[in-house]
Amino acid sequence: RFIAKPCAINLGIQDSGPHRAQPNAILEKVFTSITKSPDGKRLEGLSKQLDWDVRKIQRWFRHRRNQDKPTTLTKFCESMWRFTFYLSIFFYGIRFLWTAPWFWDTRQCWYNYPFQPLTSRLYYYYILELAFYWSLMFSQFTDIKRKDFLIMFVHHLATIGLITFSYMNNMVRVGALVLCLHDASDFLLEAAKLANYAKYQRLCDAFFMLFGVVFIVTRLGIYPFWILNTTLFESWELIGPYPSWWLFNGLLVTLQVLHIFWSYLIIRTASKALVRGKVSKDDRSDVESSSEEEDVTSNSTKGIFSTSSNGSNRLNGHVAGGQWTGE
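What counts, and at which threshold
Each chain has its residues counted from 1, following the order in which its sequence is written. Restriction of local features to residues with pLDDT of at least 70 applies here, the model being predicted, together with a cutoff of 80 or more for giving and counting side-chain atom pairs; totals for whole chains, interfaces and linings are based on all residues. In computing side-chain values, all of the structure's heavy atoms are included and hydrogens and water are not. For the purposes of this entry, the term helix denotes a DSSP run of H or I that reaches at least four residues, the term strand denotes a run of E that reaches at least two, and both are numbered from the N terminus. To estimate the expected span of a helix, subtract one from its residue number and multiply by 1.5 Å. In what follows, a contact means two residues having at least one pair of non-hydrogen atoms within 4.5 Å. UniProt positions are given in the numbering used here, feature names are shortened, and annotations may be inferred rather than shown by experiment. Buried Ala, Val, Leu, Ile, Met, Phe, Trp, Tyr and Cys residues that are joined via side-chain atoms within 4.5 Å together make up what is termed a nonpolar core. Here the term buried applies to any residue with accessible area under 20% of the maximum for its type, exposed to any over 50%, and partly exposed to those in between, with areas from a 1.4 Å probe on protein chains only.

**Here's the deal with helix H8 (residues 149-168)**
And then number 1: Taking 1.5 Å of rise per residue, the 20 residues of H8 would be expected to cover 28 Å, and the 28 Å separating its terminal C-alpha atoms lies within 8% of that figure.
And then number 2: Residues of H8 that are buried sit in contact with helix H7 (120-139), helix H9 (172-197) and helix H11 (245-276).
And then number 3: A positive phi of about 60° marks Asn 170, the residue just after H8.

Below, the structure written as structure tokens:
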């Protein structure tokens, strides 16, 4: 309210929503009570009843769906909040992990386990991350439903489960490494969204490309060869197959499967950018899942984050094809 909104206004972002549909009691009743995307048979019936052509009725339903979406100003403020959080929590984590011995030698995550002290900085790091991911999971149900709703829901559940489980079992050392690694790319995605909403397309594409590189390096490189290596092999070697070993590593492997899925979407989007000269379309979201082909096509010439729909993580904002919230 006091920071993001003035910034958006100074960048020329107006607090104006999409074109509103023409008031019509019959179509409004169909929209609210029956369907938001009528099929061909229903469109023909409405066309005869109202003496409108089918194309006009399709346009009315499209405008009616779009008018419920948040404005670009609202999305800019939300992304700026997420950018601030992701950037702050990443540098907070890096600051204290840089001096932690287990950051440089992951085997120390398991020395003297489970009798390892929990420092106040590590405690607050965990609590902040857990609170944030709970907020992402709840807000996912109030956002525009995205094509990867289920994937993001599984991601949030796995993340919350890992944070809670590792805290309860005092696996906070390796847990902090996982959290910091995931935060490394999320703020770049939000920066790309901010640039898009402000209509700085080249800056948006540059941030997205940088995000893609960091995401793939951290999630497909560092994560499996650094994190999974210590949780699967070093922990087995040093403390043996403890009772919760299978559940803990099962959740970590689930995250890796999601990383592979999102990396595929990022690479596909980046490939389109190289062919067309810019990132052309969000493969994950920013297009309502119930839209007709016409709606998707009409946005195909815009930047990766279409300014006509919700910009939220829920991954997160958590991550991830064209527009990723983030894990």
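**Re the UniProt feature "transmembrane region" (unreviewed entry) in the protein**
And then number 1: In the UniProt entry, the feature "transmembrane region" (unreviewed entry) is given for residues 83-103, 123-142, 207-226 and 246-267.
And then number 2: Across residues 123-142, the secondary structure splits into 85% helix and 0% strand, with the terminal C-alpha atoms separated by 30 Å.
And then number 3: Along residues 207-226 one finds 100% helix and 0% strand; the C-alpha atoms at either end are 26 Å apart.

**A short note on the nonpolar core**
Note on soluble globular proteins: their nonpolar side chains tend to be buried together.
And then number 1: Counting 56 residues, the largest nonpolar core has Leu 97, Leu 122, Tyr 125, Tyr 223 and Phe 248 as its most contacted members.
And then number 2: When residues in this core are grouped by element, the largest group, 13 residues, is from H9.
And then number 3: Residues within four places of Leu 122 in sequence aside, it is in contact with Phe 96, Trp 102, Val 172 and Ala 176.
And then number 4: Ranked by size, the runner-up nonpolar core spans 11 residues in total, among them Leu 27, Val 30, Phe 31 and Ile 57.

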